[in-house]
Amino acid sequence: MFKRVLIANRGEIAVRVIRACREMAIESVTVFSDVDRKALHVRKADYAYHIGPATASESYLNVEKILDVAHRSGAEAVHPGYGFLSENANFARACRDAGVKFVGPSPESMEMMGSKTRARQNMKRAGVPFVPGSERGLDLDAMERLAEQIGYPIMLKAAAGGGGKGMRLVSSASELHSAYENARSEAQRAFGDNEVYIEKYIANPRHVEMQIFGDEHGNVVYLGERECSVQRRHQKVLEESPSPIVDDEMRRRMGEIAVRVGKAANYFNAGTVEFLVDQQRNFYFLEMNTRLQVEHPVTEFVTGLDLVHLQMHIAAGERLPFKQEDISLRGHAIECRIYAEDPDNNYFPSPGQITRLISPSGPGIRRDSGMYEGWTVPIEYDPLLAKLVGYGEDREQAINRLLRALYEYFVGGIKTNVSLFRRILKDPDFRAGNIDTGFLDRLLTKPSNETDVRRPIIAAIGAAIFATTEPQTTLPGATLAVPVNGSPPPPEPASNWRRTARADAVRER
Ligand code: MV4
């Protein structure tokens, strides 16, 4: 096993990987930019190196600087986390050339999945069902003919795209020409590649993804699915495992197809195969993510595995320590992504100093966080602060534990989306498992307690009481100085319990 690993990331995922390193007696090396000097990952790591200004291209995305730290620190491997360099095949290749092990798949696998048309060609050969359409970029003539054949509405997608960038919905033949020109120029600007292909449009799909894991000896297994339909503007908000619509039989079919995808890509380490699921529960390969994902904790809960430990063992050349039949799923896990964003201002990013932080815990709760009281959330990066994950024997227990934990959560000084999860988890459609990729937009157009006009007044009263009762300034049992003029001693300070109960009572519900 490695003795020292460089973590080329920041925030909660860097902390997550540091924790795994500590458990495995691996020394952790981290990097930080100017605005991250006081970040939690810097405090928790064994070593931390300054790599430059806040601008990611000059710090967390800078291959030379990251590899320079790997050499100077003596790290034998690099864990990329998610985002930043995690899906950059050139970085994985540069690591290989520099003799530093990349904790992830091969650059060749990453390249295959980086182009959606290349992925579709390979999946066709491997017999994987994907959304009907073209396997390569088309010119306008060919596009018009295929669109007629498939039938409108259709979607145009950029081959180099992903995560919703460079997509166009086309409802009729008359719209195709201009949509095609727009999609091409947008793709050229965004990705430096104007290849555009066509897919049949799936209305109100669900987004379900399958976790896979491969070793460097050709073995690939699946570790169950995650339901990721609760999203807004292609940003996931809440994920769960298992999916409420996937039964054992569908899981086995989807899992076997995901393994076929992995094998067709000579895939190793952690990967995720994304599917679109239509209203008849047909599912289609969409794309593959060649990294550990934000939402991996829900899979860890239901499988009982530690995916980061597993990543390290696989990167060290070991074989998968289990076979498919050894994997069993138990219970239900749901993850809430806590973002620094303002629910009253269209979920706009809300950076700033965290002046007060009260964090939940208790039965079935896991919190992966990159924040602490007193820390200032920088504006330069993704506003994800923490992930709150609830586990239960069944979905209802997971929901109830999460709701309880969300009521315990208090983040002061900045705005967060904590209140949004209280709405989602109480929503009858959500509780019934009736969710698709349009669920959250529909929920946000419904009126809620959160838009009550009395809210600012209630909040102001609550804040005033909170400010005078928290934090505690007098030790319990301590008597205040008795004035010399002989007036009666001041009343006993309220007990800790009473202060806390008062503070709780005035916080928004
Ligand atoms: C689609 C689709 C409907 N039909 N493709 C959006 C993100 C990108 N990875 C794929 N996306 C979609 N592709 C066809 N042929 C609907 C979406 C889509 C979506 C997919 C997954 C998760 C959330 C989504 C939200 C809106 C649209």
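Preceding this paragraph is the structure being described.
Residues numbered from 1 in each chain as written. Predicted model: local features only at pLDDT ≥ 70, side-chain atom pairs only at ≥ 80, totals over all residues. Heavy atoms only, no water.

The complete set of buried residues in helix H7 (residues 140-150) reads Leu140, Met143, Leu146 and Ala147. Buried residues of H7 fall within an arc of 125° about the axis and therefore sit on the same side. Away from its buried face, by an angle of more than 90 degrees, H7 presents the exposed residues Asp141, Arg145, Glu148 and Gln149. Buried residues belonging to H7 abut strand E6 (154-158), helix H8 (173-191) and strand E8 (196-200). Two residues or fewer past H7, Gly151 is found with a positive phi of approximately 95°. (Buried < 20%, exposed > 50% of the residue type's maximum accessible area, 1.4 Å probe, protein only. Helix = DSSP H or I, 4+ residues; strand = E, 2+ residues; numbered from the N terminus. Arc of directions from axis to C-beta. Contact = heavy atoms within 4.5 Å.)

The antiparallel open sheet is built from eight strands, whose spatial order is E13-E12-E9-E10-E11-E14-E21-E19. Two strands in the sheet have a free side with no partner beyond their single neighbour: strand E13 (283-289) and strand E19 (365-369). The average undirected angle you get between the axes of adjacent strands in this sheet is 25°. Across the sheet, helix H1 (residues 11-23) lies against E19 and strand E21 (384-392), angled at about 115° from E19, the strand it touches most. (Pairing = 2+ DSSP bridges. Axes fitted to C-alpha atoms, helices over the stretch in contact; angles between N-to-C directions.)

As a further point, take the side chain of Glu335. Secondary-structure assignment places Glu335 in strand E14 (residues 332-339). Residue contacts for Glu335: discarding those within four places in its chain leaves Val237, Leu238, Glu239, Val294, Glu295, Pro297, Val298, Lys387, Leu388 and Val389.

Around the ligand, the surrounding shell holds 18 residues, and the nearest of these are Lys157, Glu199, Lys200, Ile202 and Glu287. Interatomic distance of 2.9 Å between a side-chain N/O atom of Glu199 and a nitrogen atom of the ligand. A distance of 3.0 Å separates a nitrogen atom of the ligand from a polar atom in the side chain of Glu287. Burial of the ligand by the protein amounts to 90% of the accessible area it has alone, namely 520 Å². (Near = heavy atom within 4 Å. Polar contact = N/O pair within 3.5 Å; in protein donor to acceptor, adjacent residues only side chain to side chain. Areas by Shrake-Rupley, 256 points an atom, 1.4 Å probe, with all protein chains shown as cover.)

Once that is clear, we can look at the packing of helix H12 (residues 395-408) against helix H13 (residues 418-426). Running from amino to carboxyl end, H12 crosses H13 at an angle of 150°, the nearest separation of the two axes being 10 Å. By the angle between their axes, H12 is roughly antiparallel relative to H13. The handedness of the crossing between H12 and H13 comes out as left-handed. Packed against H12, whose contacting residues are Ile399, Leu402, Leu403, Leu406 and Tyr407, the element H13 presents Val418, Phe421, Arg422, Leu425 and Lys426 at the interface. Taken together, the residues of the contact of H12 with H13 sort by class into eight nonpolar, no polar and two charged. (Parallel < 35°, antiparallel > 145°, perpendicular 65-115°, else oblique. Left-handed = near helix turned anticlockwise from the far one by under 90°. Nonpolar A, V, L, I, M, F, W, Y, C, P; charged D, E, K, R; others polar.)

We now examine helix H3 (residues 63-73). Every buried residue belonging to H3 is among Val63, Ile66, Leu67, Val69, Ala70 and Ser73, and all of these are buried. Across the axial projection of H3, the buried residues extend over an arc of 155°, all falling on one side. When the buried face of H3 is taken as reference, the exposed residues oriented beyond 90 degrees from it are Glu64 and Arg72. Positive backbone phi, at 75°, marks Gly74, one or two positions downstream of H3.

Across the interface, helix H4 (residues 89-98) lies against helix H5 (residues 107-114) with an axial gap of 8 Å and an inter-helix angle of 170°. Viewed along their axes, H4 and H5 adopt a mutual orientation that is roughly antiparallel. The residues of H5 that touch H4, namely those facing Ala89, Ala92, Arg93 and Arg96, are Pro107, Glu108, Met110 and Glu111.

Before going further, it helps to examine the state of the cysteines. Simply put, the disulfide is a covalent bond whose two ends are the sulfur atoms of two cysteines. Tallied over the entire structure, the rule returns zero disulfides. With no disulfide of its own, Cys21 lies 15 Å from the sulfur of Cys95, the closest cysteine sulfur. For Cys21, a relative accessible area of 0% translates into the label buried. Of all cysteine sulfurs, the one in Cys336 lies closest to Cys228, which takes part in no disulfide; the gap is 13 Å. Under the relative-accessibility criterion, Cys228 is labelled buried at 0%. (Disulfide = S-S within 2.5 Å.)

Structurally, Ile461 is set in helix H16 (residues 455-469). Between the C-alpha atom of Ile461 and that of Glu135, which follows or precedes it by 326 residues, the distance is 60 Å.

What follows concerns unusual backbone geometry. Cis geometry is found at the peptide bond from Tyr152 to Pro153, where omega equals -5°. Looking at where Pro153 falls in the secondary structure, it is placed in the loop between H7 and E6. Across the junction of Ser241 and Pro242, the peptide omega takes the value -5°, indicating a cis bond. Take Pro242: it is sitting in the loop between strand E11 (235-241) and helix H9 (248-264). Backbone geometry at Asn269 places phi at a positive 70°, although glycine is not the residue there.

Glancing now at the sheet that holds strand E3 (residues 47-52). Strand order in the open sheet formed by five strands is E3-E2-E1-E4-E5, and the pairing between neighbours is parallel. The sheet is open, and its two edges are formed by E3 and strand E5 (101-102), each paired on a single side. As judged from the four bridges shared by strand E1 (residues 4-7) and strand E2 (residues 27-33), these two strands associate in the parallel manner. Pairing of Leu6 across the sheet is with Val29, part of E2. Its contacts with the sheet place H3 against E1, E2 and E3, and it is angled at close to 150° to E3.

Nothing here speaks to function; it is geometry throughout.
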